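Structural description and commentary
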Amino acid sequence: MASEELFTRDEVLGGMPAQRARTLLFLIESRTAHLVAQSRRAMLWDQTHTAARQQDLDFLEAFAAGKDPPLRPTIQDLERFTPQWQALVPDNPALRAALAKLLGEKYTLVGQAIPNLRLALALDDPSTQQAYRRQQRQPLEAIYAPRAGLAERIRWLQAGIARRFDSLSPFWTAFSLTLTETVGVGILALPIALAGIGPLPGIVLIILMGIVNLLTIAYMAESVARSGEIRYGNAYFGRLVSDLLGRDGSLILRLSLVMIYALALLAYFIGLSTTLAQAVGLPAIAWTSLVFLVNLYFLRKESLNATVSAALLVGLVNISLILAICLISLPSLNLEYLMTVHLPLLDGEPFDPSLLALVFGTILLAFFGHTSLGNCARVVLQRDPSARSLIWGSIVAQIAAMALYSVWILAVNGVVAPQVLAAQTGTALIPLAEQVGPTINLLGSAFVILAMGMGSIHYSLGFYNLMREWLPRRRQPEITLSRRQGRLVLEKARQGQGLRIGLDYQGLIGGQAHFYLDVQSEGKIYGFDLNLTGKVDCWQLFKPVPGWQEGSLRLALELISAGAESAHVRIDSNLAVTLDEEWRKPGILLGGLLDLPEEQRRVVEKILRLGEATLPELALETGLTERFLGRALDSLTQSGYLRSTETSQGRRYRVQLAPRRGARLPERIWQALESGPPPLAEPVKRPALKAFGWLQEVFQNETSQFLLGASPVAAIFLVTVWLLATGQESFTRPISFLGLIVVSLLGGAFPVLLLVASRRKGEVIPQVVYRSLGNPLLLAGVYLVGVGGLFLHGLVIWQSPFERLVALLTGILILAMTLTMYRRGVFQPRAIVELIQKIDQPDQASLTVTISGRLIPAETILGYPDGEQQQGLGNPYIHNLTNLDFIDVHLPAVPYKDLKVWTHEVTPQGSSYSLPVQVEARQGDELQRYDLTLYSGQFSFVGARNGSQAIRDLRLLFKS
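Along the chain, the regular secondary structure elements total 32 helices and 25 strands. Evaluated residue by residue, the chain yields a buried proportion of 57% over its 960 residues. Excluding contacts between residues fewer than 6 apart, the proportion of contacts in the chain whose partners are at least 24 apart in sequence is 73%. With the model as given, the accessible surface of the chain reaches about 40400 Å², and the carbon-plus-sulfur share is 57%.

This is how it looks when you write it as structure tokens:
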């Protein structure tokens, strides 16, 4: 076997640990960087699908090219996410020692601060320490820094705070996130809005509206808990709305987002600049300009890097500042101001609608924290799947907010005269500082910088991402595809379940790179073989596919390099490009071959050379007994090193290769693995642009994309400058307008509609369900309170024609939207057929059918190569999944409209990946088949389409 070994003894002794350690460090850093990016994305409830997909694609491109990830992880990140990457480290003391050397050179290692990393690399193990001494001629302790610098100590302090937040119980996690997301800038407008009616009536209104808000926050919590996509971390608030309320709800949400971004940015620019101008003395226009430049800086970075723990820390600091301001203001309380009462029609007071013009909208915005539930749901539900902590944590947070607002109103309205507050155009901090002293300026400035400054950056990024999603983009991403592992997915933007393309690399055939394309269109799958040598336009290839029209869709593939196990391609297309989750799954590291036992290593090397092999073929090639090989193959398959598929010739085995950094290993190793890379493809000239093509080219330029994306923020900045220059600025009015128009929808009507839809269409059945929350009279009452407030303001309270018109149109829009959803069957039950496989139990799965929040027994037939097996009613468990060819599911005669099929495997950490399954169903007279890997593992059949009835029978086909 000496001549057939993949790595020789001389190669190992000649420095292989150092080479492999560099590859391993790259994999660890790439994995950690992606996890850090996901954690920073967790606070973006308004995350767009395009922005999330673009970030993933950036990581993938860097990974494929062997470049550093777009986000460079710190040693604190490596320590925090050690459990997620430690499986990459093989049990090899020499390799661990070499990796420790690289870590010590690249990062400042403080021994006491990295217990997880020391454990994962076994740095305290004598074998690792001896290997390090042999390699470096010095003790392993040399990698540790004698002392950390000030900046490093601050980073470790931040990491310690993050660990404390991460260790909170589920209840306190939900409570903290909901409270800190609820209590924000709106608190600075409350005293001004309530100045006209008095502090005590204002507190009563806060309590009454807060009670209604307790119901809506509970509705939202249950809706989020019933979403399988959010529970497994694959979705965000926008996808929840789209899934439960359809395209109408998604459209309304987008319009609401535009209004939130515009009005919140206007209020933040005005509030921050006027408050800091009062505290420091620099003109308000100068402060606005400075804030705008800071926003542009973060827009250029396209990231705020706000993690859950960072958001919690900032929120708690803000609440502490508010409480400190209240405490300082208490000695200055004026009983006369506290007892001021001006209620229309009370004690002979005439009805003055202007007194109420700012009240309701400002209070509504102050309680708006519903969307924060999407941020904390995955963490909370993973620790407490019952949803009890999520629901009660959010409810108690709203009660705490009510108490805080009451204290704040007493502290401010009891110190500042009502007529002074009512005339204030900035925040309530300005007149309060004049009464109490400069301490308020100091604390208030810190609050507005943290709350309004970071808030303005967040909303600017949201506006920017929303604009970029609407603009045409032309990128040519470069992706490395492993042979028959990891599929490139292209989809028409915002088309939902329409045209999609899957691209798989099949390896070298006759010296040419061979690809296979699955094209999904109109319920059919079209397959195409493609030998790629240079750049190929796929237009002629896809001509028979319905929906592929010349000029509307473009796809060209260019081969950069290819080998037996991977190919590097460039994609030029107006389709959205993603890669399925396969590339993130664990597999064998190429360098890890040396860490396997000798006999197992020989088996893996032989399968690598053969591509695929059966047990008899391996016995013939290696000369080993089938009994020994059977045990070795079972062990390697269970450890994730091999994949097995059942064929007519018997079970075949293939090595499962993990992603690798191709440019980092010696060339002789790549030649052994891939027979050497082919030369680069000849460049292909772009065709001449058609009429007005130059305009599209301008729009697709990166600089033009940035300028167009940032243009709404710039427009709001200019409006703010004009308002400040002409003395027409108002902080409270846009806050109140935003609260009434948008929060009446997102915090009033939407929670009611989401609860009704989720109880009929949700994938998950929470263990704790409060049926009384779904009482029709209660739901109708809460809904009418939200919509009725809009008509009340449009007909009576607001006096401006523009404001009246907007309020009335919004109320009519909500009613029309609800009616349209009802007529389209949005609230009708949906059947969910869900196949779940736990990644640590690869040969067992469970299949459940859920309709209207109840598990329904269904008839199933399991198809194996040796025959069919009838599955008992209500038995969700399926064994021997590896050999399964198909599952026939017959749904009972329970009324439902739509049918959703979801097949996925779940990791112990709660991440979800699609299973390689196709679903086949007959809808009316048409037999439809969909490849679920092109739809992230889930597809919905819409009932009553083209006169057809709801689907009752379907077949799940397992792909080899």
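So much for the structure itself; the text now carries on.
If you trace the four strands from one edge of the open sheet to the other, you get β1-β8-β7-β6, paired in antiparallel fashion. The sheet terminates laterally at β1 (478-482) and β6 (535-537), the two strands that pair on one side only. Taken pair by pair, the neighbouring strands of this sheet meet at an average axis angle of 30°, ignoring direction.

This part is about the sheet that holds strand β17 (residues 867-871). Reading across the sheet, the six strands line up as β17-β16-β19-β25-β22-β23 and stay open at both edges, with antiparallel pairing between neighbours. Sheet topology places β17 and β23 (926-931) at the edges, where each strand pairs with a single neighbour. Strand-to-strand twist across the sheet, computed as the mean angle between neighbouring axes with direction ignored, equals 20°. Strand direction decides the pairing type here: strand β22 (residues 917-923) and β23, joined by six bridges, are antiparallel. Note that in β23 the partner of Val-919 across the bridge is Tyr-930.

To continue, consider unusual backbone geometry. Even without being a glycine, Ala-122 presents a positive backbone phi close to 55°. With respect to the helices and strands, Ala-122 occurs in the loop between α7 (115-120) and α8 (126-136).

Together, Leu-200, Leu-335, Met-339 and Leu-410 give the surface a local cluster of nonpolar side chains, amounting to about 370 Å² of exposed area. Inspection of the secondary structure puts Leu-335 in helix α17 (residues 335-338). On the basis of relative accessible area, Leu-335 is assigned to the exposed category, the value being 62%.

Below, the discussion takes up the packing of helix α14 (residues 237-280) against helix α30 (residues 732-761). At a minimum axis separation of 10 Å, α14 and α30 run at an interaxial angle of 165°. Here α30 runs roughly antiparallel to α14, going by the angle between their axes. Relative to α30, α14 is oriented so that their crossing is left-handed. A per-class count over the contact of α14 with α30 returns 23 nonpolar, three polar and two charged.

Counting 147 residues, the largest nonpolar core has Leu-188, Leu-245, Ile-363, Leu-390, Tyr-405, Trp-408 and Phe-731 as its most contacted members. Counting residues per element, this core draws most heavily on α14, which supplies 21 residues. With residues up to four places along the chain from it excluded, the contact list for Ile-363 reads Leu-190, Leu-194, Leu-205, Ile-206 and Met-209. Counting 37 residues, the second-largest nonpolar core is a separate cluster that includes Ala-98, Leu-99, Leu-140 and Ile-143.

Attention now moves to the environment of Asn-375. By the element assignment, Asn-375 lies in helix α19 (residues 372-383). Once the C-alpha coordinates of Asn-375 and Leu-177 are considered, the two residues, 198 residues apart in sequence, prove to be 8.2 Å apart.

Another aspect to go through is the pairing of strand β2 (residues 488-491). Of the two faces of β2, the one lined by Leu-488 and Leu-490 and the one lined by Val-489 and Glu-491 are each fully buried. Of the strand pairs in this sheet, β2 and strand β3 (residues 500-509) are connected by four bridges, and their pairing is antiparallel. Following the sheet pairing, Val-489 is matched in β3 by Gly-502.

Let's shift gears to the pattern of salt bridges. Tallied over the full model, the rule gives 20 salt bridges. Between Glu-222 and Arg-226 there is a salt bridge whose closest N-O contact spans 3.0 Å. Glu-222 gets classed as buried once you look at its relative accessible area, which sits at 1%. A salt bridge links Arg-239 to Glu-229, with the nearest nitrogen and oxygen atoms 2.4 Å apart. Taken together, the residues Arg-239 in helix α14 and Glu-229 in helix α13 (residues 228-231) connect sequence positions ten residues apart. Note on Arg-239: relative accessible area 26%, which makes it partly exposed. Assessed through its relative accessible area of 5%, Glu-229 is described here as buried. If you follow the salt bridges from partner to partner, you end up with Glu-229, Arg-239, Asp-243, Glu-763, Arg-830 and Lys-900 in one network.

In this structure the tally under the stated criterion is 21 aromatic pairs. Judged by centre distance (5.9 Å) and plane angle (80°), the ring pair of Tyr-232 and Trp-902 falls under edge-to-face. On the criterion of sequence distance, the pair formed by Tyr-232 in the loop between α13 and α14 and Trp-902 in strand β20 (residues 898-906) is long-range, its members being 670 residues apart. Each member of the pair, Tyr-232 as well as Trp-902, carries the same accessibility label: buried. Consider the rings of Tyr-261 and Tyr-459, whose centres lie 6.1 Å apart with planes at 55°: the pair is tilted. Here Tyr-459 lies in helix α23 (residues 438-470) and Tyr-261 lies in helix α14, a separation of 198 residues in the sequence. Looking at Tyr-261, the relative accessible area reads 0%, which means it is buried. Owing to a relative accessible area of 16%, Tyr-459 belongs among the buried residues under this scheme. Through pairs of rings, three or more aromatic residues link up here, namely Tyr-261, Tyr-268, Tyr-459 and Phe-463. Between the NZ or CZ atom of Arg-300 and the centre of the ring of Phe-706, over which it lies, the distance is 4.4 Å. For the cation-ring pair, Lys-900 lies above Trp-902, with the distance from its terminal atom to the ring centre recorded as 5.6 Å.

Next up on the list: the pairing of strand β12 (residues 650-655). Across the six residues of β12, five count as buried, placing the element largely inside the fold. Across two bridges, the pairing between strand β10 (residues 613-614) and β12 is antiparallel. By the bridge assignment for β12, Ala-613 is matched with Tyr-653.

Before going further, it helps to spend a moment on the side chain of Ser-744. Examined against the element boundaries, Ser-744 turns out to sit in helix α30. Leave out the neighbours within four places in its chain, and Ser-744 touches Leu-364, Gly-739, Ala-749, Gly-786 and Leu-790.

Structurally, Thr-818 is set in helix α32 (residues 801-823). A polar contact is formed between the side chain of Thr-818 and the side chain of Tyr-783, at a distance of 2.6 Å. Aside from chain neighbours lying at most four places away, what touches Thr-818 is Leu-753, Tyr-783 and Phe-827.

Before going further, it helps to spend a moment on the packing of helix α12 (residues 199-225) against helix α18 (residues 359-366). Contact geometry of α12 with α18 gives a least axis separation of 10 Å together with a crossing angle of 55°. Considering their axes alone, α12 and α18 lie oblique with respect to each other. Handedness of the α12/α18 crossing: right-handed. Only Val-359, Phe-360, Ile-363 and Leu-364 of α18 make contact with α12, whose side of the interface consists of Leu-205, Ile-206 and Met-209.

This part is about the confidence of the model for the chain. When the pLDDT values of the chain are averaged, the result is 80; 81% of them are 70 or greater. Predicted confidence in the chain is weakest over helix α27 (residues 667-674), with a mean pLDDT of 35, and strongest over helix α20 (residues 388-413), with 94. Counted against residues more than four places away or in other chains, residues 1-15, with its pLDDT under 50, gives 26 contacts.

For the rest of this paragraph, the subject is the environment of Leu-891. For Leu-891, the location among the structural elements is in the loop between β19 (886-890) and β20. Once the C-alpha coordinates of Leu-891 and Ala-831 are considered, the two residues, 60 residues apart in sequence, prove to be 8.7 Å apart.

So, how was this worked out
Residues numbered from 1 in each chain as written. Predicted model: local features only at pLDDT ≥ 70, side-chain atom pairs only at ≥ 80, totals over all residues. Heavy atoms only, no water. Helix = DSSP H or I, 4+ residues; strand = E, 2+ residues; numbered from the N terminus. Buried < 20%, exposed > 50% of the residue type's maximum accessible area, 1.4 Å probe, protein only. Contact = heavy atoms within 4.5 Å. Areas by Shrake-Rupley, 256 points an atom, 1.4 Å probe, with all protein chains shown as cover. Pairing = 2+ DSSP bridges. Axes fitted to C-alpha atoms, helices over the stretch in contact; angles between N-to-C directions. Patch = residues over 30% accessible without salt bridge, like charges linked within 9 Å, V, L, I, M, F, W, Y side chains within 5 Å. Salt bridge = Lys/Arg side-chain N within 4 Å of Asp/Glu carboxyl O. Parallel < 35°, antiparallel > 145°, perpendicular 65-115°, else oblique. Left-handed = near helix turned anticlockwise from the far one by under 90°. Nonpolar A, V, L, I, M, F, W, Y, C, P; charged D, E, K, R; others polar. Core = buried A, V, L, I, M, F, W, Y, C linked by side-chain atoms within 4.5 Å. Phe/Tyr/Trp six-rings, centres within 6.5 Å; stacked < 30°, edge-to-face > 60°. Lys NZ or Arg CZ within 6 Å of the ring centre and 35° of its normal. Polar contact = N/O pair within 3.5 Å; in protein donor to acceptor, adjacent residues only side chain to side chain. pLDDT = per-residue confidence, 0-100.

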